[in-house]
Amino acid sequence: MPKNKNIKSILLIGSGPIIIGQACEFDYSGSQALRSLREDGIETILINSNPATIMTDPAMADHVYLLPLTTKSIVKILKEHPQIDAVLPTMGGQTALNLCIEADEKGIWEDFGVEIIGVNIDAINITEDREKFRELMLKIGVGMAPQATATSFLKGKEIAQEFGFPLCIRASFTLGGAGASIVYDEKEFDEALTRGLEISPIHEVMIDKAMMGWKEYELELLRDKNDNVVIICTIENMDPMGIHTGDSITVAPAMTLSDKTFQKMRDMAIHMMRSIGNFAGGCNVQFAVSPDENEEIIAIEINPRVSRSSALASKATGYPIAKIAAKLALGYNLDELSNQITKSTSALFEPTLDYVIVKIPRWNFDKFEGSDRTLGLQMKAVGEVMGIGRSFQEALHKATQSLEIKRNGLGADGKGYKNYDQIIDKLTNASWDRVFVLYDAIQMGIPLSRIHDITKIDMWFLKQYEELFQLEKEISKYSIDTIQRELLLEAKQKGYGDRQIAHMLNCLESEVYNKRRELKINRVYKLVDTCAAEFKAQTPYYYSTFESEVETADGEVSVANESIVTDKKKIIVLGSGPNRIGQGIEFDYCCVHGVLAAAECGYETIMINCNPETVSTDFDIADKLYFEPVFWEHIYDIIQHEKPEGVIVQLGGQTALKLAEKLERYGVKIMGTTFQSLDLAEDRGSFSTLLKENNIPYPKFDVAETADEALAIADVLDFPILVRPSYVLGGQGMKIVINKQELEEHVIDLLKSIPGNKLLLDHYLDGAIEAEADAICDGENVYIIGIMEHIEPCGIHSGDSNATLPPFNLGEFVMQQIKDHTKKIALALNTVGLINIQFAIKDDTVYIIEANPRASRTVPFIAKAYKEPYVNYATKVMLGEKKVTDFEFNPQLEGYAIKQPVFSFNKFPNVNKKLGPEMKSTGESILFIESLKDDEFYDLYSRRKMYLSK
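This text gives an overview of the structure that appears in the document.

1. Structural notes on the overall build of the chain
Across its full length, the chain holds 32 helices and 35 strands. Relative to the globule expectation of 30 Å for 950 residues, the C-alpha radius of gyration of the chain, 28 Å, shows essentially globular dimensions. The dimensions of the chain, computed from C-alpha atoms along their principal axes, are 75 × 75 × 60 Å. Relative to its full complement of 950 residues, the chain shows a buried share of 65%. Restricting to contacts in the chain with at least 6 residues of sequence separation, those with at least 24 account for 70%. Entry remark: accessible area of the chain is about 34400 Å², with carbon and sulfur atoms responsible for 48%. For the chain, the separation between the mean place of its 100 positive charges and that of its 138 negative charges on side chains is 1 Å.

2. Comments concerning helix α10 (residues 308-317)
With 10 of 10 residues buried, α10 is to be regarded as a mostly interior element. Of all the residues in α10, the buried ones are Arg-308, Ser-309, Ser-310, Ala-311, Leu-312, Ala-313, Ser-314, Lys-315, Ala-316 and Thr-317. Capping the start of α10 is the job of one residue whose side-chain oxygen sits 3.1 Å from the backbone nitrogen of Ser-309: Ser-307. Phi turns positive, to about 85 degrees, at Gly-318, one or two residues after α10.

3. Looking at the sheet that holds strand β30 (residues 782-793)
Strand order across the open sheet formed by seven strands is β33-β32-β29-β30-β31-β34-β35, with antiparallel pairing between neighbours. The two strands at the open ends of the sheet, each matched to only one other strand, are β33 (845-852) and β35 (923-929). On average, adjacent strands in this sheet sit at an angle of 25 degrees to one another, irrespective of strand direction. When β30 meets strand β31 (residues 803-805), the two strands line up antiparallel, connected through two bridges. Looking at β31, one finds that Glu-789 is bridged to Thr-804.

4. Some thoughts on the packing of helix α24 (residues 675-682) against helix α25 (residues 684-693)
One can describe the packing of α24 onto α25 by two numbers: an axis separation of 5 Å at closest approach and a directional angle of 95 degrees. Between α24 and α25, the angle falls in the class roughly perpendicular. On the side of α24, the interface is formed by Leu-680, Ala-681 and Glu-682, while α25 contributes Arg-684, Ser-686, Phe-687 and Leu-690. Taken together, the residues of the contact of α24 with α25 sort by class into four nonpolar, one polar and two charged.

5. Brief notes about unusual backbone geometry
With omega at -5 degrees, the peptide bond leading from Phe-165 into Pro-166 counts as cis. Among the secondary structure elements, Pro-166 is positioned in the loop between α7 (153-163) and β7 (167-171). Backbone torsion omega between Phe-719 and Pro-720 reads -5 degrees, so that peptide bond is classified as cis. A positive phi angle, close to 55 degrees, is found at Asn-830, a residue other than glycine. Following the sequence through the fold, Asn-830 ends up in the loop between α28 (812-828) and β32 (832-842).

6. Side note on the packing of aromatic side chains
Under the criterion given, the structure shown has 26 aromatic pairs. Ring centres of Tyr-355 and Tyr-543 lie 5.4 Å apart, and the angle between their planes is 55 degrees; this geometry places the pair in the tilted category. Of this pair, Tyr-355 sits in the loop between α11 (321-329) and β15 (356-362) while Tyr-543 is found in strand β18 (residues 541-545), placing the two residues 188 residues apart along the sequence. Three or more aromatic residues joined by ring pairs form one cluster here, namely Phe-365, Phe-368, Phe-903, Phe-905 and Phe-908. Here the guanidinium or amino end of Arg-223 rests over the ring plane of Phe-279, the centre of that ring lying 5.0 Å away. Above the plane of the ring of Tyr-603 lies Lys-569, whose end atom (NZ or CZ) is 4.2 Å from the centre.

7. Here we look at the side chain of Gln-94
Secondary-structure assignment places Gln-94 in helix α3 (residues 93-105). Reaching out from Gln-94, the side chain makes a polar contact with the side chain of Arg-305 at a distance of 3.3 Å.

8. Digging into the side chain of Ser-181
Along the chain, Ser-181 falls in strand β8 (residues 181-183). A relative accessible area of 13% places Ser-181 in the buried class.

9. Brief notes about the sheet that holds strand β13 (residues 281-289)
The strand order across the open sheet formed by seven strands is β14-β13-β10-β11-β12-β15-β16, and the pairing between neighbours is antiparallel. The outermost strands of the open sheet, each flanked by one partner alone, are β14 (297-303) and β16 (383-389). Within the sheet, the average angular offset between the axes of one strand and its neighbour, ignoring direction, is 25 degrees. Sheet analysis places β15 next to β16, joined by seven bridges and oriented antiparallel. Within the sheet, the bridge partner assigned to Lys-359 lies in β16 and is Met-386. Each of β10 (215-223), β11 (229-237), β13 and β14 is contacted by helix α9 (residues 259-276), which is oriented at about 130 degrees to β13, the strand it contacts most.

10. A look at the state of the cysteines
A full pass over the atoms with the stated rule returns zero disulfides. Between Cys-610, a free cysteine, and Cys-591, which holds the nearest cysteine sulfur, the sulfur-to-sulfur gap is 11 Å. Of the residues examined, Cys-610 reaches a relative accessible area of 0% and is grouped as buried.

11. Brief notes about a negative patch on the surface
Residues Glu-369, Asp-702, Glu-705, Asp-708, Glu-709, Glu-742, Glu-744, Glu-745 and Asp-749 make up a contiguous surface patch of negative charge. Put simply, the parts of the chain that give the negative patch at least two residues each are α26 (707-717) and α27 (740-753). For the negative patch, the element with the highest residue contribution is α27, accounting for four residues.

Parameters at a glance
Residues numbered from 1 in each chain as written. Predicted model: local features only at pLDDT ≥ 70, side-chain atom pairs only at ≥ 80, totals over all residues. Heavy atoms only, no water. Helix = DSSP H or I, 4+ residues; strand = E, 2+ residues; numbered from the N terminus. Rg over C-alpha atoms; globule rule 2.2 N^0.38 Å. Buried < 20%, exposed > 50% of the residue type's maximum accessible area, 1.4 Å probe, protein only. Contact = heavy atoms within 4.5 Å. Areas by Shrake-Rupley, 256 points an atom, 1.4 Å probe, with all protein chains shown as cover. Lys, Arg positive; Asp, Glu negative; His and termini not counted. Charge placed at Lys NZ, Arg CZ, Asp CG, Glu CD. Polar contact = N/O pair within 3.5 Å; in protein donor to acceptor, adjacent residues only side chain to side chain. Pairing = 2+ DSSP bridges. Axes fitted to C-alpha atoms, helices over the stretch in contact; angles between N-to-C directions. Parallel < 35°, antiparallel > 145°, perpendicular 65-115°, else oblique. Nonpolar A, V, L, I, M, F, W, Y, C, P; charged D, E, K, R; others polar. Phe/Tyr/Trp six-rings, centres within 6.5 Å; stacked < 30°, edge-to-face > 60°. Lys NZ or Arg CZ within 6 Å of the ring centre and 35° of its normal. Disulfide = S-S within 2.5 Å. Patch = residues over 30% accessible without salt bridge, like charges linked within 9 Å, V, L, I, M, F, W, Y side chains within 5 Å. Salt bridge = Lys/Arg side-chain N within 4 Å of Asp/Glu carboxyl O.

Next comes the structure, spelled out in structure tokens:
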């Protein structure tokens, strides 16, 4: 039992909807903490307004409150649960900490006798108030950049005059670097100062001398009540100071630190954690180091909570930081807890890595037209990927292959930049694709010294890039028939994909694959075990690499593969890769439920995913976790190794769906809906033909593959016309055009970015109501799990609409059409599993906009609103274990549930915030109302008129 026997019931504060700067890494931390507390028999009460996550699943906590994150909601919960002893606010990011402080200031915790655990208020205040933090650091002898606080415009100007440019401006008490920027002159400074003062909840900014070009490091610490401190992971940012860590490429363990400086940094971090307060829990400390032989260290900041990086550090080391932090908050000591992976060593044992991890952020600038794409102090990434390899080069390649931006890795895919000025510009103004541009610069012959001068990226990293380029040059001298085994093995060990090698050798990817097999150059799988194989690990968490063969004393030649294949029947679930707009955490929710349902059906479950922020890549969700790119070559090798019964593709969003064709071609069984049906629904033309055959109404349409065809179609269809490409995600490239000029421009633009795509042009039903339905089908029976009506009119992407469950003003006649069409389409597509269908309703006729025979964005929302585990049921149907008629459906919802989108436009001040057919929201919250007379519903409904104007 925990040492603090007085704590029997804990309130955990979640992080709310996903926004840029606070994403699903806190959902992962919170989920881990809840599981950890429940292991100790603690009653858990959760408040979080995000319906898309695993964290708010009824199974995660004893009581889940899907309420707005406000002190009003906190008081409501504390009244309903007077037994709550403590609150744990360190798992829900800055949102949870800010709410905890607000409740403390209002005396709420005191009134209800609730203790704050995992951190203390003084520690939060000291770390958030940059002036207090600075004073403390100076007192304990930790260096910092020259800085001062301003609470007025005038004070800010005085400070700038004293320090001189460049300067760094940060707003106090904000998230993801909101309101932070580096300024080089007075005009920029005035704008940034005004914005920072406005955005800070206490109207305060910290102005410091910008340490441009210094190297940046992060340390993840844990401390128990006996003051034992362990450093779980040291992370080095490849990008120097000046780029937010959430937008930086990061590497673990640290690569370019001397041991002496590393030890000094460790001591400083521990000293800092001890100085800010006496609490048991997690901490993240950031440092800058001068890029010269002095390696002078200065502190940047400390966060007394689990952070974005602690999710990464947990996945990088296999050490579950949030799980252990929750136990420490209960009063356990580190030496009383066991390491969750080895089960034989103590949690006081610091992880050791015998591999390298590289994290690369994933951006979505295409959704923010006109946005400033340069990277700086304000975070702009929407997600991230992590690659694990035996070397930095292998991990870097695996991370670039995981990004899903139509690149096959670094270089060797014909997609690099060739223009000198463009390359120099992208290096000078840190661009989102700089990770690729570095390779292009070396390929162009720009000297490393020049690249280093511009970017200030450490020479060690640039030399690693240079080695990769030299290898590409060497391989390009050969053909598939003449390349030697050693050279091919070296390319694979350095992470080059078969596609890239095929590009260098001017042959097909399949030829490289066959050559590899012939030369016995095969992937082997290694364990992530926290202890560099010093102790036996109990947890099956793997990454792939390539090894040279080793000959034993008795002459046996082999490579060591640590992934042992069992003889159980297996199912592979393909994950959804990095978060992005249009494909977020809701698909991770679906994947986790798919894994758990397959396990209930007696299968050994195997998860493949590369997103370090999510619950699906936790080491104890599936029976086996392969932390690998959701990239054909990696998946096929795992399938060859494990030989599963089949693969589930319909839970991982578009990422998994895109691999269905190759799985089909290579004879791998797809569980549930077949590739033919998935493809039919994606191909806009074929799908419309299916609707025609079934007498189901749809807007007048035609398909074009060139601008000329599109213009000819426009003569028949009438404007406004909705232009939609096939096989895309989150409404990418969709646009409503109102004349021939707009049509031509958009079609040319689309075909340039997505060559060879079929474009569907349909007459846009102006002023129509939009609705959507999700259903489960077993090929014979259809059960509709939910019908939602959108408050916004047709033409706003469903992911950006307020969706009301059940509908609020669709008559019997319309509802019956929706039900009939849903059943007809699900059966016509031979759906086995989930399907989502979207409708436009005009003059009491229900038209079909599109159908997706897969898990949709709204499934978790419906599951939470009706308190039913629909993904569990759908997975059992996909696996052929159950029919729809085997389930007793019992949806429970009094009143209405509204899915409300949340946007992150504040990160892009100059962007057009208009909504349209292309999705722009980064997350969502759920709102329960008792009746349509509710003020909040009235407010939402009255705003719909904004969108109806021509």
